[in-house]
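In case you want the letters, here they are:
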Amino acid sequence: MKIKECLEIVGNFSEPSKLPCYSYNIPASKCHTGSKLRKVPGSVCFDCYALKGLYIKYRATVNPAQDKRLASLSDPRWVKSMSYLINTRKLPFFRWFDSGDLQSVEHLKQLVDVANNCKGCKFWLPTREYVFVSRFVRQYGKIPSNLNLRLSAHFVDGKPPTSLAQRLGVRTSTVTRGKASCPAKQQNNKCMDCRACWGKALNVSYQYQ
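What counts, and where the lines are drawn
Counting starts from 1 at the beginning of each chain's written sequence and moves along it residue by residue. Where totals are concerned, whole chains, interfaces and linings use all residues; where local detail is concerned, this predicted model gives features only for residues with pLDDT of at least 70, and gives and counts side-chain atom pairs only at 80 or more. Side-chain metrics in this entry use all non-hydrogen atoms of the structure; hydrogen atoms and water are not considered. The helix count covers DSSP runs of H or I at least four residues long, the strand count covers runs of E at least two residues long, and both are numbered beginning at the N terminus. Radius of gyration here uses only the C-alpha atoms, and the compact-globule reference equals 2.2 Å multiplied by the residue count raised to the power 0.38. The rule is simple: take the accessible area with a 1.4 Å probe, protein chains only, and divide by the maximum for that residue type; under 20% is buried, over 50% is exposed, in between is partly exposed. In what follows, a contact means two residues having at least one pair of non-hydrogen atoms within 4.5 Å. The protein chains shown are the only cover counted for residues, whose accessible areas, like all others here, come from Shrake-Rupley with a 1.4 Å probe. The charge count treats Lys and Arg as positive and Asp and Glu as negative. His and the chain ends do not count. Just so you know, the charge point we use is NZ for Lys, CZ for Arg, CG for Asp and CD for Glu. A pair of Phe, Tyr and Trp rings is counted when the ring centres sit within 6.5 Å of each other, with Trp represented by its six-membered ring. The angle between the planes then sorts it: under 30 degrees is stacked, over 60 is edge-to-face, the rest tilted. Look at NZ for Lys and CZ for Arg. If either is within 6 Å of the ring centre and within 35 degrees of the ring normal, a charge sits over the ring.

(A) Layout of the overall build of the protein. Tallying secondary structure elements over the protein gives eight helices and six strands in all. Tracing the protein from N to C terminus, the helices and strands come up as α-β-α-α-α-α-β-α-β-α-β-α-β-β. Since a compact globule built from 209 residues should have a radius of gyration of about 17 Å, the 16 Å found for the protein is in line with a globular shape. The principal-axis extents of the C-alpha atoms in the protein amount to approximately 50 × 40 × 35 Å. By residue count, 49% of the 209 residues in the protein fall in the buried class. Residue pairs at least 24 apart in sequence account for 72% of intrachain contacts in the protein once pairs closer than 6 positions are excluded. For the protein, the accessible surface area stands at approximately 11000 Å², while carbon and sulfur atoms represent 54% of it. Distance between charge centres in the protein, computed from 34 positive and 13 negative side chains, equals 5 Å.

Here it is, written out as structure tokens:
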């Protein structure tokens, strides 16, 4: 495959200024659980960052690109194309998603297949789609070790879904108004040399606002 051909199939990667790596985003408006939580005060999604700021400022270019990526998931060449791009670029870290979330069990299967094809890359996947993850594990088994899937707590200062995460063999993340383990707020909103999100910590907490 050629890089240009692969990019035409899956769309380009995003480069959030905070992260030390590429990411991949789809429309936050298409989140299943997130769309419900956006209507609930106190939820993390109530003030969704992916539906404001630069995502809105540049929506004329951002929205069509995100829509294209979402549509590309139905292309049977998606896994092969994504795997080729990541392996060709020899990416050590990658994030799913800086905008959007899992769309189905089949979508998670695609990400797992990419992880299995790209053993040299560590992937981070924060998700609120607990049901999709649970169904995937029942149907297909364990999440591969280089795909660090974290079940994200739904509410600010809420407890992490630890029991479910342990049962599924994954980890968690939370948002807090108190002291967070993520150092980004003290580092100009950048990860710098921190890779905790991809690491083995059972929970990573992020500072609210």
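On we go from here.
(B) View of the packing of aromatic side chains. Taken as a whole and judged by the stated rule, the model has 13 aromatic pairs. Considering the side-chain rings of Phe94 and Trp96, the 4.9 Å spacing of their centres and the 65° angle between planes classify their relative orientation as edge-to-face. A single burial state applies to Phe94 and to Trp96, both of which are buried. Ring centres of Trp96 and Phe123 lie 6.0 Å apart, and the angle between their planes is 10°; on these two criteria the pair is classed as stacked. Here Trp96 is found in strand β2 (residues 93-96), whereas its partner Phe123 is found in strand β3 (residues 122-127), with 27 residues between them in sequence. The burial state of Trp96 is the same as that of Phe123; both residues are buried. Across the ring face of Tyr24, the terminal group of Arg69 is positioned such that the distance to the ring centre comes to 5.8 Å.

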